[in-house]
Amino acid sequence: MTAPRTCSRRLVALPLGMVMATALAFLPNVTASAADAVPTATVATTADATSLSYIVNVATGRGPSTTVKKAIADAGGTIVISYDRIGVIVVHSSNRDFARTVRKVPGVQSAGVTRNAPLAAQSTTEAGATRVLSAKEVASAQSAEGQDPLESSQWDLPAIKADKSHEKTLGSRDVTVAVIDTGVDDTHPDLAPNFNREASVNCVSGKPDTADGAWRPSASEGAAHGTHVAGVIAAAKNGIGMTGVAPGVRVAGIKVSDPEDYVYTEAVVCGFVWAAEHHVDVTNNSYYTDPWNFNCLDDPDQRALVDATTRASRYAERKGTVNVAAAGNESRDLDADSLTDPASPNDGTPGDRVIDPHKCLVLPPQLPGVVTVAATGAKGIKSSFSNYGLNVIDIAAPGGDSPLYQPPAAPATDGRILGTMPGGTWAYKKGTSMASPHVAGVAALIKSTHPHATAGQVKALLYSQADATPCTDPYDIDSDGKIDAVCKGPKNHNGFYGRGIVNALNAVTK
């Protein structure tokens, strides 16, 4: 049995957490380079109902030694896949002492369990603030000439000058953004024209599943999340529905969420490595990795998860991929001296623990090199729910907010973000989950404009082209006379907006 939790807090369309990546610098071998080769896979037998999944980290650039393989087998483990180029092995075992045992083996640098609940199915509850547009609303929608029918409802596009950027270019079909998430419905009429099947995969088990359609979401409400994100990035400008930030680029689905909406480390590692090996230019990551909201480096299990995910994301960036992630929706100052984590582990028995957010990290937002995104509302200020923190937030983008706090200007009527939904519909959601794909879309436009730019160069342009935004001071979002958050830092580098609010027009003209 698992404690109730919601996709809205886990998938960053309301709440999450994160912080500084520099604390990872001392992890063993996280800076090792990776050779240009596809990682080797070894298929495992089917896990029984008591099995857990483990990560075993060894030296990068080659597979596990004979000694390590024997030790894994002797400890009751079965290798699911070995990502040799980053030295990460995914193992199933029903031996609860597996990680402790293999940590003592020569050649093993770290090892840890990725979950608390067995691989058997779990139950969950759902909660959220999604509003699906009715058929009547879609049919009656009217926008200006040259716009898609629902574009008048997308206040977020002019907020980042994406409407103006579309007059210059829609982006290049040579550029692909992968949505690492709950899956993408490639049959949606707004996504089908831009969908990249070759770059899509199901990574839920930690091993790529390339069966046709394996990247599609399940039927649960929470599984719609990835399709919504994909629409924000690259819904086609085709006279149907809405328009994405980069409607001319291609979008892929990398499914990492299991049927119960958990996103575990082995799936995320698989997702980043797949993106690296399939010429993905940008990944969007609007989730945090279960079961720990914060992964503390003084815990050997959690440290191993940080190590593995760090290796995978850095491998992707070295191969040219810009990784973008949502900062989270808990209204937290992620540069605070300490925070209380009340939700970990979310697949077991969570309990309050006081952590140092500089030493206990949310994955993937706090990974080295990842672009961390805060959310703004229709009035252009930090969304009421968005996490913040000096030297944590890199950039900001529209993620929506309550209409009580930041109502949009007419003709838009909803202060949330419009996106595509499975089954050919559209809906409004809010969260840093919706802010991150705006940044991923702009990064794709930069890559379209500068096709030979490295990942580092794309990030540098993303930051330098943003609209510097000073701290909102005082920040009293609900106007009750009490300060709701304190922003620190100058106009072009502060805890609310980082380098500023992303600018799509600059991306295609500079």
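Residues numbered from 1 in each chain as written. Predicted model: local features only at pLDDT ≥ 70, side-chain atom pairs only at ≥ 80, totals over all residues. Heavy atoms only, no water.

**A short note on helix α9 (residues 300-318)**
Between its first and last C-alpha atoms α9 spans 27 Å; for 19 residues at 1.5 Å apiece the expected length is 27 Å, and the two agree. Of all 19 residues making up α9, 15 are buried, and the element is well covered by its neighbours. The opening residue of α9 is Asp-299, an N-cap whose side-chain oxygen sits 2.9 Å from the backbone nitrogen of Asp-301. Positive phi appears at Gly-320, one or two residues downstream of α9, with a value of about 110 degrees. (Helix = DSSP H or I, 4+ residues; strand = E, 2+ residues; numbered from the N terminus. Expected span 1.5 Å × (residues − 1). Buried < 20%, exposed > 50% of the residue type's maximum accessible area, 1.4 Å probe, protein only. Polar contact = N/O pair within 3.5 Å; in protein donor to acceptor, adjacent residues only side chain to side chain.)

**Here we look at the packing of helix α7 (residues 225-234) against helix α10 (residues 432-449)**
At a closest axis distance of 8 Å, the pairing of α7 and α10 adopts a crossing angle of 40 degrees. One element, α7, and the other, α10, form an angle in the oblique class. Our pair here, α7 against α10, has a crossing hand that is right-handed. Taken together, the residues of α10 that come into contact with α7 (itself represented by His-225, His-228, Val-229, Val-232 and Ile-233) are Ser-433, Met-434, Pro-437, His-438, Ala-440 and Gly-441. When its residues are assigned to classes, the contact of α7 with α10 shows six nonpolar, five polar and no charged. (Axes fitted to C-alpha atoms, helices over the stretch in contact; angles between N-to-C directions. Parallel < 35°, antiparallel > 145°, perpendicular 65-115°, else oblique. Left-handed = near helix turned anticlockwise from the far one by under 90°. Contact = heavy atoms within 4.5 Å. Nonpolar A, V, L, I, M, F, W, Y, C, P; charged D, E, K, R; others polar.)

**Considering the packing of α10 against helix α11 (residues 455-464)**
Where α10 meets α11, the closest approach of the two axes is 10 Å, and the angle between their N-to-C directions is 115 degrees. Classified by the angle between their axes, α10 and α11 sit roughly perpendicular to one another. Along this stretch, α10 crosses α11, giving a crossing that reads as right-handed. Contacts between α10 and α11 pair Val-439, Val-442, Ala-443, Ile-446 and Lys-447 from the former with Val-458, Leu-461 and Leu-462 from the latter. Residue composition of the contact of α10 with α11, by class: seven nonpolar, no polar and one charged.

**Topic: the pairing of strand β11 (residues 322-326)**
Each regular strand displays side chains that alternate between the two surfaces of the sheet. For β11, a buried count of five out of five residues is recorded, marking the element as mostly surrounded by other parts of the structure. In β11, alternate side chains face the same way, and those of Val-322, Val-324 and Ala-326 on one face and Asn-323 and Ala-325 on the other are all buried. Note: strand β9 (residues 282-285) against β11, four bridges, orientation parallel. Following the sheet pairing, Asn-285 is matched in β11 by Ala-325. (Pairing = 2+ DSSP bridges.)

**Looking at the side chain of Asn-323**
Tracing the sequence through the fold places Asn-323 in strand β11. Side chain to side chain, Asn-323 and Thr-283 meet in a polar contact 2.7 Å long. A polar atom in the side chain of Asn-323 sits 3.3 Å from the backbone oxygen of Ser-313. The contacts of Asn-323, once residues within four sequence positions are left out, are Phe-272, Thr-283, Asn-285, Ser-313, Ala-316, Glu-317, Gly-369, Val-370 and Val-371.

**So, the sheet that holds strand β3 (residues 88-93)**
An order of β2-β3-β1-β4 is seen for the four strands of this open sheet, with the pairing classed as antiparallel. Where the open sheet ends on each side, the last strands, each with one partner, are β2 (77-83) and β4 (110-113). Strand after strand, the sheet turns through a mean of 20 degrees between neighbouring axes, direction not considered. In terms of strand pairing, β2 meets β3 through six bridges, oriented antiparallel. Pairing of Ser-82 across the sheet is with Ile-89, part of β3. Here α9 sits on the sheet in contact with β1 (52-57), β3 and β4, set at roughly 110 degrees to β4.

**A closer look at the state of the cysteines**
As enumerated under the stated definition, the model contains three disulfides in all. Paired by a disulfide, Cys-471 and Cys-487 hold their sulfur atoms 2.1 Å apart. As the torsion about the S-S bond is roughly -65 degrees, the Cys-471-Cys-487 disulfide counts as left-handed. With Cys-471 in the loop between α11 and α12 (504-509) and Cys-487 in the loop between α11 and α12, the pair connects residues that are 16 residues apart, well separated along the chain. (Disulfide = S-S within 2.5 Å.)

**Description of the side chain of Asp-185**
With respect to the helices, strands and loops of the structure, Asp-185 is situated in the loop between β6 (176-181) and β7 (201-202). An unpaired buried charge is present at Asp-185: no salt bridge exists, and Arg-216, the closest side chain of opposite charge, is 5.0 Å distant. One polar contact links Asp-185 to Thr-187, side chain to side chain, over a distance of 2.5 Å. Among the polar contacts made by the side chain of Asp-185, one reaches the main-chain amide nitrogen of Gly-423 at a distance of 2.9 Å. Excluding residues within four positions of it along the chain, Asp-185 makes contact with Leu-191, Pro-217, Thr-227, Pro-422, Gly-423 and Gly-424. (Lys, Arg positive; Asp, Glu negative; His and termini not counted. Salt bridge = Lys/Arg side-chain N within 4 Å of Asp/Glu carboxyl O.)

**Things to note about the nonpolar core**
In a soluble, globular protein the nonpolar side chains are often hidden away together inside. In this structure, Val-371, Ile-395, Val-439, Val-442 and Leu-462 are the most contacted members of the largest nonpolar core, which totals 72 residues. Broken down by secondary-structure element, the contributors of at least two residues to this core are β6, α7, β11, β15 (371-376), β16 (395-398), α10, α11 and α12. Top contributing element to this core by residue count: α10, with nine residues. Judged by nonpolar contacts, the second largest core, of 41 residues, contains Ala-276, Tyr-287, Trp-292 and Ala-325. (Core = buried A, V, L, I, M, F, W, Y, C linked by side-chain atoms within 4.5 Å.)

**Comments concerning the sheet that holds strand β5 (residues 131-132)**
If you walk across this open sheet you meet the three strands as β5-β18-β17, and the pairing is antiparallel. Across the chains shown, the open sheet's two edge strands, defined by having one partner strand only, are β5 and β17 (417-421). Packed onto the sheet, α7 meets β17 and β18 (425-429) and runs at close to 120 degrees relative to β17.

**Let's talk about the packing of aromatic side chains**
One pass over the structure, following the stated rule, counts six aromatic pairs. Their ring planes at 25 degrees and their centres at 5.4 Å tell us that Tyr-262 and Tyr-264 sit as a pair that is stacked. Plain terms: the ring middles of Tyr-388 and Phe-496 are 5.3 Å apart, the flat faces sit at 80 degrees to each other, and that makes the pair edge-to-face. Of this pair, Tyr-388 sits in the loop between β15 and β16 while Phe-496 sits in the loop between α11 and α12, and the two are 108 residues apart along the sequence. For Phe-496, a relative accessible area of 0% corresponds to the buried category. Members of the aromatic cluster, each reached through a chain of ring pairs, are Tyr-388, Tyr-475, Phe-496 and Tyr-497. Sitting over the ring of Tyr-264, Arg-115 keeps its end group 3.9 Å from the ring centre. Positioned over the ring face of Phe-496 is Lys-382, at 5.5 Å from the centre of the ring. (Phe/Tyr/Trp six-rings, centres within 6.5 Å; stacked < 30°, edge-to-face > 60°. Lys NZ or Arg CZ within 6 Å of the ring centre and 35° of its normal.)

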